[in-house]
Amino acid sequence: MLLGKSIKTTIFFTVCATIIFTGCSTKSTSGSYIPYYGGSEKKNKTFKPLGDQEIKNSKAMHRATMRPYKVHGKWYYPTLAKVGDVQTGIASWYGPNFHAKLTSNGEMYDMYAMTAAHKTLPMNSMVKVDNLENGKSVVVRINDRGPFITGRIIDLSNKAAHAINMVGKGTANVRVTVLGFNAKIAQTEEEKQETATVGRYYVQVGAFSRLEGAKITKRKFELILEDGYNVIIKSTDLHRVWISGFRSEQEAQDFKEANGLKGALIIAK
């Protein structure tokens, strides 16, 4: 079994809490097959398919599971993803030892379902996994976080690993391609252009009681910003100057450091 998988339930409770238990009515299905448990699994125990489960796809769940999180002292930053994005690396799999336990998005892990764990992709992303060692491929839905071992990019369910003939070896060199979001494979041109992200990040570079002060700061940053970033003023009790256009918390943090903005705040919306 894979190092680091035991923290999945911890991630769920510390990051997702209880707000994610509301989702849409879409259901997952699983067929029957003879699972390969691997040498370390409990072969004498019976593991039954969980059957149809409601896919957790609420806005609250996405906000919770797309926040930065820390595992084994390392921070991970779920971030922007687009249909067609490709990653290459090592796939691994997890099975009976985690069957019927909570995944990071609040579902129950079913080793008979076509699902997988990924460190940063949005939950319910649909991805195609090509085994580069034998040419086999499988489509899975992301509903968990992991694997937390250097070089490994995706952790497949037992059934998905079985489909690309990698369970015996335990790992395989793969290509992962994003096919769609919200448990759907993109079909229309509009869906194929879709981008999924945690939301929006801003860097607050000033807060003023007088609007004129905010406007001066806004003009100052407009002169030095690269394409892709904008400066806006959010007026409530104060006139706050925010820089927008960041695709992840890490990008906002890098911007702060590159521009010597130690006191600036990162705002997530």
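Residues numbered from 1 in each chain as written. Predicted model: local features only at pLDDT ≥ 70, side-chain atom pairs only at ≥ 80, totals over all residues. Heavy atoms only, no water.

Q: Explanation requested: helix H5 (residues 211-224) in the structure shown.
A: Residues lying three or four places apart along an α-helix face the same way, a consequence of the helix completing one turn every 3.6 residues. Over its 14 residues, H5 extends 21 Å from the first C-alpha to the last, a length consistent with the 20 Å expected when each residue adds 1.5 Å. Residues of H5 that are buried include every one of Gly-213, Ala-214, Thr-217 and Phe-221, and no others. Relative to the axis of H5, the buried residues are bounded by an arc of 95 degrees and lie together on one face. Elements in contact with the buried residues of H5: strand S13 (201-208), strand S14 (230-235) and strand S15 (239-246). (Helix = DSSP H or I, 4+ residues; strand = E, 2+ residues; numbered from the N terminus. Expected span 1.5 Å × (residues − 1). Buried < 20%, exposed > 50% of the residue type's maximum accessible area, 1.4 Å probe, protein only. Arc of directions from axis to C-beta. Contact = heavy atoms within 4.5 Å.)

Q: Explanation requested: the pairing of strand S11 (residues 171-180) in the structure shown.
A: The side chains of a regular strand alternate, residue by residue, between the two faces of the sheet. With seven of its ten residues buried, S11 lies for the most part within the structure. Note that strand S6 (residues 86-94) and S11 share seven bridges and pair antiparallel. Residue Ala-91 lies in a different strand from S11, and its bridge partner there is Ala-172. Note that strand S8 (residues 126-131) and S11 share six bridges and pair antiparallel. When the sheet's bridge partners are listed, Asn-131 is paired in S11 with Val-174. (Pairing = 2+ DSSP bridges.)

Q: I keep staring at the pairing of S13 and nothing clicks. Help me out?
A: The element S13 is largely enclosed, with a buried count of six among its eight residues. Across seven bridges, S13 lies against S15 in antiparallel orientation. Residue pairing for S15: Gln-204 is matched across the bridge by Trp-242. Bridge analysis of S13 against strand S16 (residues 265-268) gives four bridges, and the strand direction is antiparallel. Bridge pairing in S16 places Val-203 opposite Ile-266.

Q: Before we go on, may I ask you to explain unusual backbone geometry in this structure?
A: Negative phi values dominate among residues other than glycine, just as trans dominates among peptide bonds. Of note, the bond from Gly-146 into Pro-147 is cis; its omega dihedral lies within 30 degrees of zero at -5 degrees. Take Pro-147: it is sitting in the loop between strand S9 (137-144) and strand S10 (152-157). Despite not being glycine, His-72 shows a phi value in the positive range, around 55 degrees. Looking at the element boundaries, His-72 is found in the loop between strand S3 (69-71) and strand S4 (74-76). His-72 gets classed as exposed once you look at its relative accessible area, which sits at 57%. With phi around 60 degrees, Asn-165 is a residue other than glycine that occupies positive phi space. In this structure, Asn-165 sits in the loop between helix H3 (158-163) and S11.

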